[in-house]
Amino acid sequence: MRIDILTLFPQMMNMFFEESILKRAQKKGLVEIVFHNLHDYSTTRYGSVDDYPYGGAAGMVMCVEPLANCIEQLQQERHYDEVIYTAPDGEMFDQHMANTLSTSTNLIVLCGHYKGVDERIREHFITKEISIGDYVLTGGELAAAVICDAVIRLIPGVLGDEQSALDDSFQDGLVAPPEYTRPPEYRGWRVPDILLSGNHAKIEAWRMEQAIERTKERRPELLSDTYLPQKNKDN
Ligand code: ADE
């Protein structure tokens, strides 16, 4: 998979992709992350990429021309499955969306800033608008990092233990069960006996029970008949 990230602050994001699992995924050639500094596509003498909004509202808007230039140049080089724009009014990101995006070959992620982008970019280039939550960030970079992280870890071969992505919270519509590691007892706090029993069938049944209990307690809407997870919306 190749992900082109269009941002005003490539250094801000670079660090994030240069550590741990995401770094290894790139080294293994499973994903290629390419940053594009939108200032490089400015058509003005001073390299500006934003301007005052028509109608006189406060704040700045990212200009149509540098964004269009950058996206069109990339689209001439290869086909993109999606041109994503991170925005608080986008479709809510969830595990199902991460699963779908993880099967892509090429993605563009445009990080919004200031008051966002000129609406014509959204109308003519963006194929998917994604929000990571009902709150407003100073820019789309963190949202892009969250989306890329959730997507990249699902690419086969990225996680050492293939099974662990399948065991994640939300993969089966439930939150994950509790996990323990050594020592078996600490300050009198014991790991549940069942996990030390070696009986794999019983352990699996216990994990499922715990996942259901936790989901009831913490995210009851995931179990409700009226809750329509993304995966069922398509049917
Ligand atoms: N940009 C600013 N806030 C955001 C959010 N909540 N999700 C995605 N992009 C954003």
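The model shown is predicted, which means the values in this text are computed figures rather than measured ones. All residue numbers refer to position in the chain's written sequence, counted from 1. Totals for whole chains, interfaces and linings use every residue, but because this is a predicted model, local features are given only for residues with pLDDT of at least 70 and side-chain atom pairs only at 80 or more, for both listing and counting. The side-chain figures draw on all heavy atoms in the structure; neither hydrogens nor water molecules are used.

Enquirer: Describe helix α9 (residues 200-218), naming the residues involved and giving the relevant values.
Expert: Under the 1.5 Å per step criterion, the end-to-end length of α9 is 26 Å for 19 residues, consistent within 8% with the ideal 27 Å. For each residue, the accessible area found with a 1.4 Å probe, counting protein chains only, is set against the maximum for its type, and the residue is called buried under 20%, exposed over 50%, and partly exposed in between. Going along the chain from the N terminus, every DSSP run of H or I of four or more residues is numbered as a helix, and every run of E of two or more is numbered as a strand. Among the residues of α9, those classed as buried are Ile203, Trp206, Ala211 and Thr215. On an axial view of α9, the arc spanned by its buried residues comes to 165°, and they lie on one face. Opposite the buried face of α9, at more than 90 degrees from it, the exposed residues are Ala201, Lys202, Glu209 and Glu217. Throughout, a residue-residue contact means that at least one pair of heavy atoms, one from each residue, lies within 4.5 Å. Where the residues of α9 are buried, they touch α8 (193-196). By this rule, a helix spans an expected 1.5 Å times one less than how many residues it contains. For this quantity, the arc is that covered by the directions from the helix axis to the C-beta atoms.

Enquirer: Let's hear about the packing of aromatic side chains: which residues, and what values?
Expert: One pair of aromatic rings is described through two measures. These are the centre distance and the angle between the planes. Two rings from Phe, Tyr or Trp (for Trp, the six-membered ring) form a pair when their centres sit within 6.5 Å of each other. Planes less than 30 degrees apart are called stacked, planes more than 60 degrees apart edge-to-face, and all others tilted. Evaluated as defined, the whole model comprises three aromatic pairs. When the centroid spacing of 5.2 Å and the interplanar angle of 90° are considered together, the rings of Phe16 and Phe17 count as edge-to-face. Here Tyr186 and Trp189 contribute two aromatic rings whose centre-to-centre distance is 5.6 Å and whose plane-to-plane angle is 65°, an arrangement assigned as edge-to-face. Through successive ring pairs, a cluster of aromatic residues spans Phe16, Phe17 and Phe35.

Enquirer: Which residues make up the domain arrangement of the protein, and what values do they have?
Expert: One can read the domain layout of the protein as domain 1 (2-152) and domain 2 (170-234). Computed from C-alpha coordinates alone, the two centres of domain 1 and domain 2 are separated by 35 Å. Those domain boundaries reflect an automatic or database domain assignment.

Enquirer: Lay out the pattern of salt bridges with the relevant residues and their values.
Expert: Think of a salt bridge as a Lys or Arg side-chain nitrogen and an Asp or Glu carboxyl oxygen that are within 4 Å of each other. Applying the stated criterion across every chain yields a total of 14 salt bridges. A salt bridge links Glu77 to Arg78; its shortest N-O distance comes to 3.4 Å. For Glu77, a relative accessible area of 46% corresponds to the partly exposed category. In this structure Arg78 comes out as partly exposed when scored by relative accessible area, which is 21%.

Enquirer: I'd like to hear about unusual backbone geometry, residue by residue, with values.
Expert: Leaving glycine aside, a negative phi is the common case for residues, and trans is the common case for peptide bonds. Here the amide bond leading from Arg182 into Pro183 is cis, since omega sits at 5°, within 30 degrees of zero. Topologically, Pro183 is positioned in the loop between α7 (162-166) and β8 (185-186). Despite not being glycine, Ser20 has its phi angle at roughly 50°, a positive value. Mapped onto the fold, Ser20 is located in helix α2 (residues 20-27). The phi angle at Arg187 is positive, at roughly 50°, despite the residue not being glycine. When you line up the elements, Arg187 lands in the loop between β8 and β9 (189-190).

Enquirer: Could you give an account of the pairing of strand β6 (residues 106-111), naming the residues involved and the relevant values?
Expert: In terms of burial, β6 is largely enclosed, as six of its six residues are buried. The side-chain alternation of β6 yields two buried faces, one formed by Asn106, Ile108 and Leu110 and the other by Leu107, Val109 and Cys111. In short, DSSP must find at least two bridges between two strands for them to pair. Where strand β1 (residues 2-7) meets β6, five bridges bridge the pair, whose relative direction is parallel. For Leu6, the partnering residue across the bridge sits in β6 and is Leu110. As paired strands, strand β5 (residues 82-92) and β6 are joined by five bridges and run parallel to one another. If you follow Val83 over to β6, its bridge partner there is Ile108. In this view, the connection linking β5 to its parallel neighbour β6 by way of helix α4 (residues 95-101) has right-handed handedness. The handedness rule is simple: strands pointing away from the viewer, and a clockwise path from the first strand over the helix to the second, make the crossover right-handed.

Enquirer: Pulling in residues and values, what's your account of the site of the ligand?
Expert: It suffices for a single heavy atom of a residue to lie within 4 Å of a molecule or strand for the residue to be listed as near it. Neighbouring residues of the ligand: Thr86, Ala87, Pro88, Ile130, Ser131, Ile132, Gly133, Tyr135, Val136, Leu137, Gly139 and Ala143. Between N or O atoms, a polar contact is any pair within 3.5 Å; within protein, one atom must be a potential hydrogen donor and the other a potential acceptor, and residues adjacent in sequence are included only when both atoms are from side chains. Here Ile132 contributes a backbone N or O atom positioned 3.0 Å from a nitrogen atom of the ligand. One of the backbone N or O atoms of Leu137 is found 3.0 Å from a nitrogen atom in the ligand. Areas reported here follow the Shrake-Rupley algorithm with a probe of radius 1.4 Å; residue values treat only the protein chains shown as occluding. For the ligand, the protein covers 96% of the area, taking 260 Å² as the surface of the free molecule. Those elements that place two or more of their residues in the shell around the ligand are β5 and β7 (128-131). The greatest single-element share of the shell around the ligand, amounting to three residues, is contributed by β5. For the shell around the ligand, a count of residues per class yields eight nonpolar, four polar and no charged. Think of it as three bins: nonpolar holds Ala, Val, Leu, Ile, Met, Phe, Trp, Tyr, Cys and Pro, charged holds Asp, Glu, Lys and Arg, and polar takes everything else, Gly as well.

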